[in-house]
Structure formats: structure tokens, C-alpha cells
Amino acid sequence: MQQPIGVFDSGYGGLTVLKEIVKKLPGYDYIYLGDNARAPYGTRSFETVYHYTLQCVEWFFEQGCPLVVLACNTASAKALRSIQQRDLERIAPGKRVLGVIRPTTEVIGNYTATNKVGILATKGTVNSQSYLIEINKFFPEVAVAQEACPMWVPLIENNEHNKAGADFFIKQNVQHLLEQLPGMDTILLACTHYPLIKDKIQQYTPEGTKIIVQGEIVAESLFDYLLRHPEIESNISRSGMKAFYTTDDADDFNEHASVFYGERVEAKHLEL
Ligand code: DGL
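On a predicted model such as this, the values are computed, not experimentally measured, just so you know. (Residues numbered from 1 in each chain as written. Predicted model: local features only at pLDDT ≥ 70, side-chain atom pairs only at ≥ 80, totals over all residues. Heavy atoms only, no water.)

Chemist: Quick question: what am I supposed to make of the pairing of strand 5 (residues 116–121) here?
Modeler: Every regular strand shows the same layout, with side chains that alternate between the two sheet faces. Of all the six residues making up strand 5, five are buried; the element is thus mostly covered by neighbouring parts of the structure. When strand 5 meets strand 6 (residues 143–148), the two strands line up parallel, connected through six bridges. By the bridge assignment, Leu-120 is partnered in strand 6 with Glu-147. Relative to strand 7 (residues 186–189), strand 5 runs parallel, the two being bridged by four bridges. If you follow Val-117 over to strand 7, its bridge partner there is Thr-186. (Buried < 20%, exposed > 50% of the residue type's maximum accessible area, 1.4 Å probe, protein only. Helix = DSSP H or I, 4+ residues; strand = E, 2+ residues; numbered from the N terminus. Pairing = 2+ DSSP bridges.)

Chemist: Explain helix 9 (residues 164–180) here, please?
Modeler: Structurally, the α-helix is built with 3.6 residues per turn, so residues lying three or four positions apart point the same way. Look at helix 9: 26 Å from first C-alpha to last across 17 residues, which is about the 24 Å you get at 1.5 Å a residue. Turning to helix 9, its buried residues are Ala-166, Asp-167, Ile-170, Asn-173, Val-174, Leu-177 and Leu-178. Buried residues in helix 9, looked at end-on, bunch into an arc of 145 degrees, giving them a common side. In helix 9, the exposed positions angled more than 90 degrees off the buried face are occupied by Phe-168 and Glu-179. The secondary structure elements touched by the buried residues of helix 9 are strand 5, strand 6, helix 8 (152–157), strand 7 and helix 10 (198–203). (Expected span 1.5 Å × (residues − 1). Arc of directions from axis to C-beta. Contact = heavy atoms within 4.5 Å.)

Chemist: How should the packing of helix 2 (residues 46–62) against helix 4 (residues 80–91) be read in this particular structure?
Modeler: Two measures define how a pair of helices packs: the angle their axes make with one another and the distance between the axes. Where helix 2 meets helix 4, the closest approach of the two axes is 12 Å, and the angle between their N-to-C directions is 35 degrees. Note that helix 2 runs across helix 4; the crossing there is right-handed. Here helix 2 contributes Phe-46, Tyr-50, Thr-53, Leu-54, Val-57, Glu-58 and Phe-61 to the contact with helix 4, which in turn contributes Ser-82, Ile-83, Arg-86, Asp-87, Leu-88 and Ile-91. Across the contact of helix 2 with helix 4, the residue classes tally to eight nonpolar, two polar and three charged. (Axes fitted to C-alpha atoms, helices over the stretch in contact; angles between N-to-C directions. Left-handed = near helix turned anticlockwise from the far one by under 90°. Nonpolar A, V, L, I, M, F, W, Y, C, P; charged D, E, K, R; others polar.)

Purely spatial values, then, with no claim about function.
Given below as C-alpha cells:
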């Protein structure tokens, strides 16, 4: 039986990716789950992020999803490989889980003319070194600097990011990043929450700096993946349906989600 694609994030950030996926692949059905009750993931341990992510992935599989996209860099950095290598064969042979780091690192080197790239991400993603390792595989000539921004997700999740207080943290982290690698001309927003503060980040970078967001890159990569994997693609349902779930309060989710998704959503509460 055909079933929707699952799209997962610790909270709202994955909606910025889902929006682009739906734009690129509008015909398919989608289920989105935000684990808002346990967000943010970015400051949690490897074991905790793995455990939470696996639990959510198992829920998607119980709904029948043939494919789950972890639209969260922290979960992609800390849980994806273990799930793919340790759990998938046991819990859902024939199903797939994809992340956002690989598709991004495959193309990021194409954006830089100076071969100097900056990564802004959560502490978890930075400490995992995933971006350094993966970019080095695809673009060994590119130098990479990283900066963890532990205050940004809480500011965004609490809708405080447009207030004046947020600028202090945004400016501080962007400056730290720029200082590490003079000549950096490309900055990747390696957290799916950060597109919401793209303009503020741009404001603190030298003119001409490219700020790259992941949504379109991930959508493009999923499009290619489905072309190359008809055995997965043929199991995906197509009625244009979109369902939204949150592990926290649904009214609260609905109130905040439109800022990330671009339109109002009606989420249901999920007790895990
Ligand atoms: N949106 C997630 C990411 O892309 C992280 C948010 C969090 O810290 O929970 O890394």
C-alpha cells in the first residue's frame, strides 16, 4: 500500500525544508512531526538525540511511511548513521531514512569562489564534526570554519528572534565565525531553524557574502533520489495530503508554524 513521506524535526525548523520539498514535489503525501516537547535537540547528548530520533522514526514507520527525511541537522549529525547502520534492517527492512547533511555537503563547494566556507549550526552539529568530514570528502580544497550558536534555536522557537535582544547573540556568533577564516565568502545555515534569521545574519556579514539555506538543496536532492529509487518512489502515496503532528501543544504549534511553513497548518498532538 502506498503511504506518505515522513518529514521530521525537533520542532519547527523542518517546516522550512518541508515547504521547499512540497514546492518541488507537490504531488506526494507528507506527514510532518515536530518533537517540540523535547526541543531543542542541539544541546543534548549524542545518546539522547539518537534515542529521541529513533523513537520518532519508528512512529513514522508505524504510520506506514516508506521514507523518512530527518529535516534536522542535529538529528542527521547524531542519529542518522546509527539508525541507518544499526536499526533500519531490524525495524523496517526496505524502508529508508535520509538526512540533510549529505545533500548539502555534496554541493556547498560550488558556491564559494575563495574556497572558504563558514558553518553556523547547533552545538551538537558542530561537535559532531559531520560538516568538516563530509565537505572534506567532496571538496578537499575548501577550508571550513564552524560556529555553534546555542542561543539561536531557543530564541526562534520562542518567537523572540525579531526582537532587539536577539541581535546581540546573532552579531556575536557571526563575528566569531568570520574571524576564524578571513576571506570566507559563503556561509551555510546548517540548522533548519536559521532561515528565519537569514536577513539578520546577512546584516552582520561583509557585502557579497552568500548565505546558503538548505531547503531547496534538500528538495532538489530528494527529487533526484526518487528518480534513482523507483522501488521507494512507487510506495509513496499521491493525493497532495499533508498532515502535521507535534509532541507538544497543537494550538501552540499552529500559532507558530506558519512563520516557518509560509501558510497556516492544523496540527494534531502526538503522545509518544
Ligand atoms: N532544527 C534543528 C537543526 O537543523 C535543530 C534544532 C534543535 O536544536 O532542536 O539542527
